[in-house]
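As a plain string of letters, each chain reads:
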Amino acid sequence: MARALPPLWLSAPSRFAAFSRPTALLALALLAILLVASLTAIGSPGPPPVSHDPARRANDQADVVLYESIVAGVRGGGDYYAVTAQALRSGDYPLRPFVTFRLPTLAIVQAALPPLGVVTLLYALAAAVMVAWFLRLRPAFARAPPLAIAMTLLAGGMMAFIQPELASFHEVWAGLLIALSLALRRRERWIEAVAFGMIAMLIRETAALYVGIMAVLALAEGQRREAIGWAAAIVAFAVVVAFHAHAVSLVVRPIDAASPGWAGLLGFGFFVKTMTLSTALNLAPLWLGGLLVGLALFGWAGWQDDLGLRALTIFACYAALLSLFGRTDTFYWGLMIAPTILIGLAFVPDALRDLVAAAHDRRKIIVTRMVR
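Draft legend 1. Seen up close, the overall build of the protein. Helix and strand counts for the protein stand at 16 helices and 0 strands. In terms of overall dimensions, the protein is globule-like: its C-alpha atoms have a radius of gyration of 23 Å, near the 21 Å expected for 372 residues. C-alpha extents for the protein along the principal axes are approximately 100 × 45 × 40 Å. Accessible surface, the protein as shown: approximately 17,700 Å² in total, 69% of it carbon and sulfur. Separation of charge centres in the protein, based on 29 positive and 20 negative side chains, amounts to 13 Å.

This is how it looks when you write it as C-alpha coordinates:
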(Lines give C-alpha, C1' and ligand atoms only; values in the text may rest on other atoms or scores of the structure.)
Protein backbone atom coordinates (compact mmCIF):
# COMPACT_ATOMS: atom_id res chain seq x y z
CA MET A 1 0.00 0.00 0.00
CA ALA A 2 1.42 3.38 -1.00
CA ARG A 3 2.16 5.89 1.73
CA ALA A 4 -0.32 8.78 1.57
CA LEU A 5 1.18 11.91 0.02
CA PRO A 6 0.58 15.36 1.49
CA PRO A 7 -2.77 16.66 0.16
CA LEU A 8 -2.78 19.25 -2.60
CA TRP A 9 -6.08 21.01 -2.04
CA LEU A 10 -7.86 18.90 0.54
CA SER A 11 -7.29 18.90 4.28
CA ALA A 12 -6.92 15.10 4.25
CA PRO A 13 -5.79 12.52 1.68
CA SER A 14 -8.35 11.35 -0.82
CA ARG A 15 -10.06 7.97 -0.67
CA PHE A 16 -7.68 6.63 -3.31
CA ALA A 17 -4.57 7.31 -1.22
CA ALA A 18 -5.14 4.06 0.67
CA PHE A 19 -5.56 1.91 -2.46
CA SER A 20 -3.17 -0.93 -3.15
CA ARG A 21 -1.46 -0.98 -6.54
CA PRO A 22 -3.79 -3.58 -8.13
CA THR A 23 -6.86 -1.74 -6.86
CA ALA A 24 -5.50 1.57 -8.11
CA LEU A 25 -4.82 0.12 -11.57
CA LEU A 26 -8.38 -1.20 -11.68
CA ALA A 27 -9.71 2.20 -10.62
CA LEU A 28 -7.70 3.92 -13.37
CA ALA A 29 -9.16 1.51 -15.91
CA LEU A 30 -12.67 2.27 -14.66
CA LEU A 31 -11.93 6.00 -14.87
CA ALA A 32 -10.88 5.58 -18.50
CA ILE A 33 -14.11 3.70 -19.22
CA LEU A 34 -16.12 6.43 -17.48
CA LEU A 35 -14.50 9.16 -19.57
CA VAL A 36 -15.06 7.24 -22.81
CA ALA A 37 -18.69 6.66 -21.82
CA SER A 38 -19.05 10.38 -21.07
CA LEU A 39 -18.00 11.18 -24.63
CA THR A 40 -21.05 9.29 -25.93
CA ALA A 41 -22.94 12.48 -25.09
CA ILE A 42 -21.68 13.80 -28.43
CA GLY A 43 -23.93 11.39 -30.31
CA SER A 44 -26.80 11.44 -27.84
CA PRO A 45 -30.09 13.05 -28.87
CA GLY A 46 -31.14 16.20 -27.11
CA PRO A 47 -33.88 18.79 -27.04
CA PRO A 48 -34.35 21.08 -30.06
CA PRO A 49 -32.16 24.19 -29.96
CA VAL A 50 -33.56 27.34 -28.37
CA SER A 51 -34.00 30.27 -30.72
CA HIS A 52 -33.61 32.94 -27.99
CA ASP A 53 -36.21 34.97 -29.87
CA PRO A 54 -38.65 36.56 -27.36
CA ALA A 55 -41.42 36.22 -29.92
CA ARG A 56 -40.96 32.43 -29.92
CA ARG A 57 -40.87 31.94 -26.15
CA ALA A 58 -44.08 29.89 -26.26
CA ASN A 59 -42.21 27.32 -28.39
CA ASP A 60 -38.79 27.56 -26.71
CA GLN A 61 -40.17 27.28 -23.18
CA ALA A 62 -43.49 25.56 -23.70
CA ASP A 63 -43.46 23.84 -20.31
CA VAL A 64 -42.59 27.05 -18.49
CA VAL A 65 -45.42 28.88 -20.25
CA LEU A 66 -47.75 26.02 -19.28
CA TYR A 67 -46.89 26.29 -15.59
CA GLU A 68 -47.15 30.08 -15.68
CA SER A 69 -50.66 29.80 -17.12
CA ILE A 70 -51.64 27.38 -14.37
CA VAL A 71 -50.36 29.74 -11.67
CA ALA A 72 -52.24 32.62 -13.30
CA GLY A 73 -55.43 30.56 -13.37
CA VAL A 74 -55.15 29.61 -9.69
CA ARG A 75 -54.31 33.22 -8.78
CA GLY A 76 -57.50 34.23 -10.55
CA GLY A 77 -59.55 31.98 -8.29
CA GLY A 78 -59.70 28.80 -10.31
CA ASP A 79 -59.50 25.28 -8.91
CA TYR A 80 -56.01 23.89 -9.42
CA TYR A 81 -57.07 20.60 -11.00
CA ALA A 82 -59.66 22.13 -13.31
CA VAL A 83 -57.23 24.85 -14.39
CA THR A 84 -54.43 22.34 -14.98
CA ALA A 85 -56.63 20.01 -16.98
CA GLN A 86 -57.72 22.84 -19.25
CA ALA A 87 -54.14 24.07 -19.68
CA LEU A 88 -52.91 20.58 -20.57
CA ARG A 89 -55.67 20.12 -23.13
CA SER A 90 -55.03 23.53 -24.67
CA GLY A 91 -51.34 22.75 -25.04
CA ASP A 92 -51.91 19.25 -26.45
CA TYR A 93 -50.27 17.65 -23.41
CA PRO A 94 -51.26 14.19 -22.14
CA LEU A 95 -53.54 14.00 -19.11
CA ARG A 96 -53.08 10.32 -18.33
CA PRO A 97 -51.73 8.80 -16.16
CA PHE A 98 -52.22 11.07 -13.18
CA VAL A 99 -48.49 11.82 -12.88
CA THR A 100 -48.81 14.16 -15.88
CA PHE A 101 -50.36 16.55 -13.34
CA ARG A 102 -47.78 18.14 -11.03
CA LEU A 103 -48.67 18.25 -7.37
CA PRO A 104 -50.43 21.55 -6.58
CA THR A 105 -47.90 22.68 -3.97
CA LEU A 106 -45.80 25.06 -6.04
CA ALA A 107 -48.68 26.53 -8.05
CA ILE A 108 -50.72 27.30 -4.93
CA VAL A 109 -47.76 28.92 -3.13
CA GLN A 110 -46.86 31.03 -6.16
CA ALA A 111 -50.47 32.04 -6.71
CA ALA A 112 -50.61 33.33 -3.15
CA LEU A 113 -47.48 35.49 -3.61
CA PRO A 114 -46.81 38.49 -5.84
CA PRO A 115 -44.32 37.82 -8.67
CA LEU A 116 -41.60 39.76 -6.85
CA GLY A 117 -42.19 37.64 -3.76
CA VAL A 118 -41.74 34.44 -5.77
CA VAL A 119 -38.42 35.63 -7.22
CA THR A 120 -37.25 36.81 -3.79
CA LEU A 121 -38.07 33.42 -2.30
CA LEU A 122 -36.16 31.69 -5.12
CA TYR A 123 -33.09 33.85 -4.55
CA ALA A 124 -33.30 33.27 -0.80
CA LEU A 125 -33.34 29.52 -1.34
CA ALA A 126 -30.38 29.73 -3.73
CA ALA A 127 -28.47 31.81 -1.18
CA ALA A 128 -29.26 29.27 1.55
CA VAL A 129 -27.82 26.52 -0.66
CA MET A 130 -24.61 28.51 -1.17
CA VAL A 131 -24.21 29.18 2.56
CA ALA A 132 -24.98 25.58 3.56
CA TRP A 133 -22.45 24.17 1.11
CA PHE A 134 -19.83 26.73 2.12
CA LEU A 135 -20.12 25.59 5.73
CA ARG A 136 -20.10 21.93 4.67
CA LEU A 137 -17.10 22.22 2.37
CA ARG A 138 -14.95 24.57 4.45
CA PRO A 139 -13.40 21.79 6.61
CA ALA A 140 -12.66 19.70 3.49
CA PHE A 141 -10.17 22.15 1.99
CA ALA A 142 -6.86 23.17 3.51
CA ARG A 143 -6.79 26.67 2.05
CA ALA A 144 -9.15 29.39 0.89
CA PRO A 145 -8.40 29.32 -2.88
CA PRO A 146 -9.54 25.69 -3.42
CA LEU A 147 -12.65 26.41 -1.36
CA ALA A 148 -13.35 29.42 -3.56
CA ILE A 149 -12.98 27.20 -6.62
CA ALA A 150 -15.46 24.70 -5.16
CA MET A 151 -17.96 27.48 -4.49
CA THR A 152 -17.49 28.80 -8.03
CA LEU A 153 -18.25 25.32 -9.34
CA LEU A 154 -21.38 25.25 -7.17
CA ALA A 155 -22.41 28.59 -8.68
CA GLY A 156 -21.79 27.14 -12.15
CA GLY A 157 -24.18 24.32 -11.36
CA MET A 158 -26.83 26.80 -10.24
CA MET A 159 -26.88 29.06 -13.30
CA ALA A 160 -30.32 27.88 -14.38
CA PHE A 161 -31.69 28.16 -10.86
CA ILE A 162 -31.46 31.92 -10.49
CA GLN A 163 -33.28 32.84 -13.69
CA PRO A 164 -36.60 34.53 -12.76
CA GLU A 165 -38.27 33.30 -15.95
CA LEU A 166 -37.81 29.71 -14.73
CA ALA A 167 -39.36 30.33 -11.32
CA SER A 168 -42.49 28.35 -12.21
CA PHE A 169 -40.43 25.29 -13.16
CA HIS A 170 -40.83 22.60 -10.51
CA GLU A 171 -37.38 21.03 -11.00
CA VAL A 172 -35.72 24.36 -10.23
CA TRP A 173 -37.17 24.45 -6.73
CA ALA A 174 -36.85 20.73 -6.09
CA GLY A 175 -33.21 20.69 -7.24
CA LEU A 176 -32.30 23.52 -4.86
CA LEU A 177 -34.16 21.82 -1.99
CA ILE A 178 -32.31 18.55 -2.61
CA ALA A 179 -28.99 20.41 -2.65
CA LEU A 180 -29.88 22.14 0.64
CA SER A 181 -31.04 18.89 2.22
CA LEU A 182 -27.84 17.10 1.24
CA ALA A 183 -25.63 19.85 2.65
CA LEU A 184 -27.51 19.98 5.96
CA ARG A 185 -27.48 16.25 6.62
CA ARG A 186 -25.21 15.10 9.47
CA ARG A 187 -25.08 11.85 11.37
CA GLU A 188 -26.20 13.61 14.52
CA ARG A 189 -28.48 16.12 12.80
CA TRP A 190 -30.75 14.90 10.03
CA ILE A 191 -34.25 16.24 10.81
CA GLU A 192 -33.73 19.41 8.76
CA ALA A 193 -32.45 17.34 5.84
CA VAL A 194 -35.56 15.13 5.96
CA ALA A 195 -37.82 18.19 6.14
CA PHE A 196 -36.33 19.79 3.03
CA GLY A 197 -36.38 16.44 1.24
CA MET A 198 -40.09 16.19 2.05
CA ILE A 199 -40.74 19.66 0.63
CA ALA A 200 -38.82 18.73 -2.51
CA MET A 201 -41.06 15.68 -3.00
CA LEU A 202 -44.20 17.77 -2.56
CA ILE A 203 -43.00 20.06 -5.34
CA ARG A 204 -41.63 17.41 -7.74
CA GLU A 205 -42.40 13.74 -7.35
CA THR A 206 -39.06 12.55 -8.76
CA ALA A 207 -37.41 13.87 -5.58
CA ALA A 208 -38.76 10.69 -3.96
CA LEU A 209 -35.78 8.89 -5.50
CA TYR A 210 -33.43 11.11 -3.49
CA VAL A 211 -35.36 10.53 -0.26
CA GLY A 212 -35.43 6.77 -0.88
CA ILE A 213 -31.67 6.69 -1.45
CA MET A 214 -31.07 8.62 1.76
CA ALA A 215 -33.26 6.19 3.68
CA VAL A 216 -31.40 3.16 2.33
CA LEU A 217 -27.97 4.68 3.01
CA ALA A 218 -28.96 5.65 6.56
CA LEU A 219 -30.08 2.09 7.19
CA ALA A 220 -26.86 0.71 5.69
CA GLU A 221 -24.84 2.93 8.03
CA GLY A 222 -26.75 1.71 11.06
CA GLN A 223 -28.57 5.02 11.54
CA ARG A 224 -31.96 3.49 12.28
CA ARG A 225 -33.68 6.58 13.64
CA GLU A 226 -32.60 8.57 10.62
CA ALA A 227 -33.75 5.79 8.28
CA ILE A 228 -37.14 5.80 9.99
CA GLY A 229 -37.33 9.57 9.49
CA TRP A 230 -36.71 9.31 5.76
CA ALA A 231 -39.13 6.39 5.50
CA ALA A 232 -41.82 8.34 7.35
CA ALA A 233 -41.43 11.15 4.84
CA ILE A 234 -41.97 8.69 2.00
CA VAL A 235 -45.09 7.28 3.67
CA ALA A 236 -46.53 10.77 4.13
CA PHE A 237 -45.71 11.57 0.53
CA ALA A 238 -47.47 8.39 -0.64
CA VAL A 239 -50.63 9.47 1.17
CA VAL A 240 -50.48 12.88 -0.53
CA VAL A 241 -49.99 11.25 -3.93
CA ALA A 242 -53.01 9.01 -3.34
CA PHE A 243 -55.25 12.05 -2.71
CA HIS A 244 -53.66 13.77 -5.70
CA ALA A 245 -54.44 10.80 -7.97
CA HIS A 246 -58.07 10.85 -6.82
CA ALA A 247 -58.38 14.57 -7.52
CA VAL A 248 -56.92 14.10 -11.00
CA SER A 249 -59.38 11.31 -11.76
CA LEU A 250 -62.27 13.75 -11.23
CA VAL A 251 -61.18 16.07 -14.05
CA VAL A 252 -59.74 13.65 -16.62
CA ARG A 253 -61.96 12.39 -19.43
CA PRO A 254 -61.70 8.98 -21.14
CA ILE A 255 -60.88 10.70 -24.43
CA ASP A 256 -57.98 12.70 -23.01
CA ALA A 257 -54.55 11.91 -24.43
CA ALA A 258 -52.28 9.47 -22.62
CA SER A 259 -48.54 9.79 -22.14
CA PRO A 260 -46.38 7.85 -24.61
CA GLY A 261 -44.44 6.42 -21.68
CA TRP A 262 -41.01 7.06 -20.29
CA ALA A 263 -38.94 4.12 -21.55
CA GLY A 264 -36.58 6.34 -23.50
CA LEU A 265 -33.51 4.07 -23.15
CA LEU A 266 -31.26 6.89 -24.37
CA GLY A 267 -28.23 5.71 -22.41
CA PHE A 268 -25.53 7.20 -20.23
CA GLY A 269 -24.60 9.76 -22.86
CA PHE A 270 -28.03 11.33 -22.50
CA PHE A 271 -27.47 11.77 -18.77
CA VAL A 272 -24.13 13.44 -19.43
CA LYS A 273 -25.74 15.69 -22.01
CA THR A 274 -28.46 16.74 -19.56
CA MET A 275 -25.77 17.71 -17.07
CA THR A 276 -24.04 19.91 -19.63
CA LEU A 277 -27.33 21.53 -20.62
CA SER A 278 -28.31 22.15 -16.99
CA THR A 279 -25.07 23.78 -15.81
CA ALA A 280 -22.41 26.25 -16.90
CA LEU A 281 -20.90 23.45 -18.99
CA ASN A 282 -23.45 24.44 -21.62
CA LEU A 283 -20.99 27.22 -22.51
CA ALA A 284 -18.24 24.70 -23.35
CA PRO A 285 -17.94 22.35 -26.36
CA LEU A 286 -19.94 19.20 -25.76
CA TRP A 287 -16.89 16.93 -25.80
CA LEU A 288 -15.21 19.02 -23.10
CA GLY A 289 -18.38 19.31 -21.05
CA GLY A 290 -18.87 15.54 -21.22
CA LEU A 291 -15.34 14.85 -19.98
CA LEU A 292 -15.81 17.32 -17.13
CA VAL A 293 -19.02 15.59 -16.04
CA GLY A 294 -17.14 12.27 -15.92
CA LEU A 295 -14.30 13.86 -13.95
CA ALA A 296 -16.79 15.43 -11.54
CA LEU A 297 -18.22 12.00 -10.75
CA PHE A 298 -14.67 10.70 -10.26
CA GLY A 299 -13.92 13.59 -7.90
CA TRP A 300 -16.95 12.84 -5.74
CA ALA A 301 -15.80 9.22 -5.52
CA GLY A 302 -12.39 10.37 -4.29
CA TRP A 303 -13.55 12.62 -1.46
CA GLN A 304 -12.91 10.77 1.80
CA ASP A 305 -16.18 11.72 3.44
CA ASP A 306 -19.57 10.08 3.94
CA LEU A 307 -21.12 12.89 1.93
CA GLY A 308 -18.90 12.04 -1.03
CA LEU A 309 -20.29 8.52 -1.34
CA ARG A 310 -23.84 9.71 -0.67
CA ALA A 311 -23.61 12.30 -3.41
CA LEU A 312 -22.05 9.80 -5.82
CA THR A 313 -24.84 7.29 -5.12
CA ILE A 314 -27.49 9.94 -5.73
CA PHE A 315 -25.86 11.00 -9.00
CA ALA A 316 -25.57 7.37 -10.12
CA CYS A 317 -29.24 6.64 -9.41
CA TYR A 318 -30.45 9.75 -11.23
CA ALA A 319 -28.09 8.88 -14.07
CA ALA A 320 -29.82 5.49 -14.30
CA LEU A 321 -33.22 7.20 -14.21
CA LEU A 322 -32.33 9.51 -17.08
CA SER A 323 -30.53 6.82 -19.05
CA LEU A 324 -33.41 4.36 -18.89
CA PHE A 325 -36.56 6.47 -18.69
CA GLY A 326 -35.64 9.96 -19.86
CA ARG A 327 -36.86 11.35 -23.18
CA THR A 328 -35.43 14.24 -25.16
CA ASP A 329 -38.30 16.43 -23.93
CA THR A 330 -37.67 15.46 -20.29
CA PHE A 331 -34.00 16.42 -20.19
CA TYR A 332 -34.86 18.87 -17.41
CA TRP A 333 -34.97 15.95 -14.97
CA GLY A 334 -31.25 16.59 -14.73
CA LEU A 335 -32.00 19.79 -12.82
CA MET A 336 -32.74 17.64 -9.78
CA ILE A 337 -29.01 17.06 -9.22
CA ALA A 338 -27.39 19.79 -11.33
CA PRO A 339 -26.61 22.30 -8.54
CA THR A 340 -23.97 20.17 -6.82
CA ILE A 341 -22.49 17.82 -9.42
CA LEU A 342 -19.72 20.18 -10.58
CA ILE A 343 -18.33 20.49 -7.03
CA GLY A 344 -16.74 17.10 -7.67
CA LEU A 345 -14.21 18.78 -9.97
CA ALA A 346 -12.65 20.44 -6.91
CA PHE A 347 -11.73 17.00 -5.56
CA VAL A 348 -10.12 15.81 -8.79
CA PRO A 349 -6.53 17.11 -8.27
CA ASP A 350 -6.03 15.19 -5.03
CA ALA A 351 -8.00 12.16 -6.16
CA LEU A 352 -6.15 11.80 -9.46
CA ARG A 353 -2.70 12.43 -7.95
CA ASP A 354 -3.31 9.88 -5.17
CA LEU A 355 -4.69 7.29 -7.58
CA VAL A 356 -1.75 7.62 -9.98
CA ALA A 357 0.72 7.49 -7.07
CA ALA A 358 -0.90 4.33 -5.74
CA ALA A 359 -0.83 2.75 -9.19
CA HIS A 360 2.91 3.46 -9.54
CA ASP A 361 3.86 2.19 -6.09
CA ARG A 362 6.29 -0.70 -6.64
CA ARG A 363 7.76 -1.05 -3.21
CA LYS A 364 8.35 -4.60 -2.09
CA ILE A 365 8.84 -6.04 1.34
CA ILE A 366 11.98 -8.17 1.42
CA VAL A 367 12.34 -10.59 4.31
CA THR A 368 15.94 -11.52 5.06
CA ARG A 369 16.86 -14.34 7.41
CA MET A 370 20.14 -13.90 9.15
CA VAL A 371 22.06 -16.97 10.35
CA ARG A 372 24.60 -16.51 13.12
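Draft legend 2. Local environment of the packing of helix H3 (residues 62–75) against helix H5 (residues 105–112). Between H3 and H5, the least distance of the axes is 8 Å, while the angle of their chain directions is 60 degrees. Taken together, H3 and H5 sit at an angle that is classed as oblique. For the pair H3 and H5, the crossing hand works out as right-handed. Of H5, the residues touching H3 (which contributes Ile-70, Val-71, Val-74 and Arg-75) are Ala-107, Gln-110 and Ala-111.

Draft legend 3. Quick peek at the packing of helix H12 (residues 268–278) against helix H14 (residues 306–325). Two elements in contact, H12 and H14, have axes whose closest approach is 8 Å; the angle formed by their N-to-C orientations is 110 degrees. Classified by the angle their axes make, H12 and H14 are roughly perpendicular. Read as a crossing pair, H12 and H14 show a hand that is right-handed. Contacts between H12 and H14 involve Phe-268, Phe-270, Phe-271 and Thr-274 on the former and, on the latter, Phe-315, Tyr-318, Ala-319, Leu-322 and Ser-323. Grouping the constituent residues of the contact of H12 with H14 by class yields 7 nonpolar, 2 polar and no charged.

Draft legend 4. Helix H4 (residues 80–90), seen in detail. Among the residues of H4, Tyr-80, Tyr-81, Val-83, Thr-84, Ala-85, Ala-87 and Leu-88 are the ones counted as buried. In the core, the buried residues of H4 are packed alongside H3, H5 and helix H11 (224–249). Looking one or two residues beyond H4, the residue adopting positive phi is Asp-92, at roughly 60 degrees.

Draft legend 5. How the structure looks around unusual backbone geometry. Cis geometry is adopted by the peptide bond preceding Pro-97, which originates at Arg-96 and carries an omega value of 0 degrees. With respect to the helices and strands, the residue Pro-97 is situated in the loop between H4 and H5. Positioned with a positive phi, Asp-92 is a non-glycine residue whose angle comes to about 60 degrees. Mapped onto the elements, Asp-92 comes out in the loop between H4 and H5. For Asp-92, a relative accessible area of 72% puts it in the exposed group.

Draft legend 6. The side chain of Ser-181, seen in detail. Tracing the sequence through the fold places Ser-181 in helix H8 (residues 170–184). What makes Ser-181 buried here is its relative accessible area of 0%. Excluding its chain neighbours within four sequence positions, the residues that come into contact with Ser-181 are Ala-193, Phe-196, Gly-197, Tyr-210 and Trp-230.

Draft legend 7. Quick look at the packing of aromatic side chains. Tallied over the entire structure, the rule returns 14 aromatic pairs. Ring geometry for Phe-16 against Phe-19: centres 5.2 Å apart, planes inclined by 75 degrees, an arrangement best described as edge-to-face. With 5.7 Å between their ring centres and 5 degrees between their planes, Phe-141 and Phe-347 make a pair best called stacked. You can see Phe-141 sitting in the loop between helix H6 (115–137) and helix H7 (144–157) and its partner Phe-347 sitting in the loop between helix H15 (338–341) and helix H16 (348–359), a full 206 residues away along the chain.

Draft legend 8. Structural context of the environment of Leu-321. With respect to the secondary-structure elements, Leu-321 resides in helix H14. In this structure, the C-alpha to C-alpha distance between Leu-321 and Met-158, residues 163 residues apart in sequence, is 21 Å. Residues within four places of Leu-321 in sequence aside, it is in contact with Leu-209, Gly-326 and Trp-333.

Draft legend 9. Representation of the pattern of salt bridges within the structure. Applying the stated criterion across every chain yields a total of 13 salt bridges. For Arg-89, the salt bridge identified is with Asp-256, shortest N-O distance 2.9 Å. Residue Arg-89 is found in helix H4, and its partner Asp-256 is found in the loop between H11 and H12; the two are separated by 167 residues along the sequence. Salt-bridge contacts for Glu-205 lead to Arg-204; the nearest nitrogen and oxygen are separated by 3.0 Å. The exposure classification of Glu-205 matches that of Arg-204, with both residues buried. Overlapping salt bridges, with partners in common, bring together Arg-185, Arg-187, Glu-221, Glu-226, Asp-306 and Arg-310 in one network.

Draft legend 10. Geometry of the layout of surface pockets. Roughly 300 Å³ of internal volume is contained in the second largest pocket. Lining the second largest pocket are 16 residues; nearest its centre among them are Leu-30, Leu-31, Leu-34, Phe-298 and Ala-301. Where the lining of the second largest pocket is concerned, the elements lending two or more residues are helix H1 (21–38), helix H13 (286–302) and H14. Partitioning the lining of the second largest pocket into residue classes produces 15 nonpolar, 1 polar and no charged.

Conventions we followed
- Residues numbered from 1 in each chain as written.
- Predicted model: local features only at pLDDT ≥ 70, side-chain atom pairs only at ≥ 80, totals over all residues.
- Heavy atoms only, no water.
- Helix = DSSP H or I, 4+ residues; strand = E, 2+ residues; numbered from the N terminus.
- Rg over C-alpha atoms; globule rule 2.2 N^0.38 Å.
- Areas by Shrake-Rupley, 256 points an atom, 1.4 Å probe, with all protein chains shown as cover.
- Lys, Arg positive; Asp, Glu negative; His and termini not counted.
- Charge placed at Lys NZ, Arg CZ, Asp CG, Glu CD.
- Axes fitted to C-alpha atoms, helices over the stretch in contact; angles between N-to-C directions.
- Parallel < 35°, antiparallel > 145°, perpendicular 65-115°, else oblique.
- Left-handed = near helix turned anticlockwise from the far one by under 90°.
- Contact = heavy atoms within 4.5 Å.
- Nonpolar A, V, L, I, M, F, W, Y, C, P; charged D, E, K, R; others polar.
- Buried < 20%, exposed > 50% of the residue type's maximum accessible area, 1.4 Å probe, protein only.
- Phe/Tyr/Trp six-rings, centres within 6.5 Å; stacked < 30°, edge-to-face > 60°.
- Salt bridge = Lys/Arg side-chain N within 4 Å of Asp/Glu carboxyl O.
- 1 Å grid on protein atoms, 1.4 Å probe; cavity = no way out; pocket = protein on both sides within 12 Å on 5 of 7 lines; lining within 4 Å.
- Points joined across faces, edges and corners; volume = space filled by probe spheres on them.

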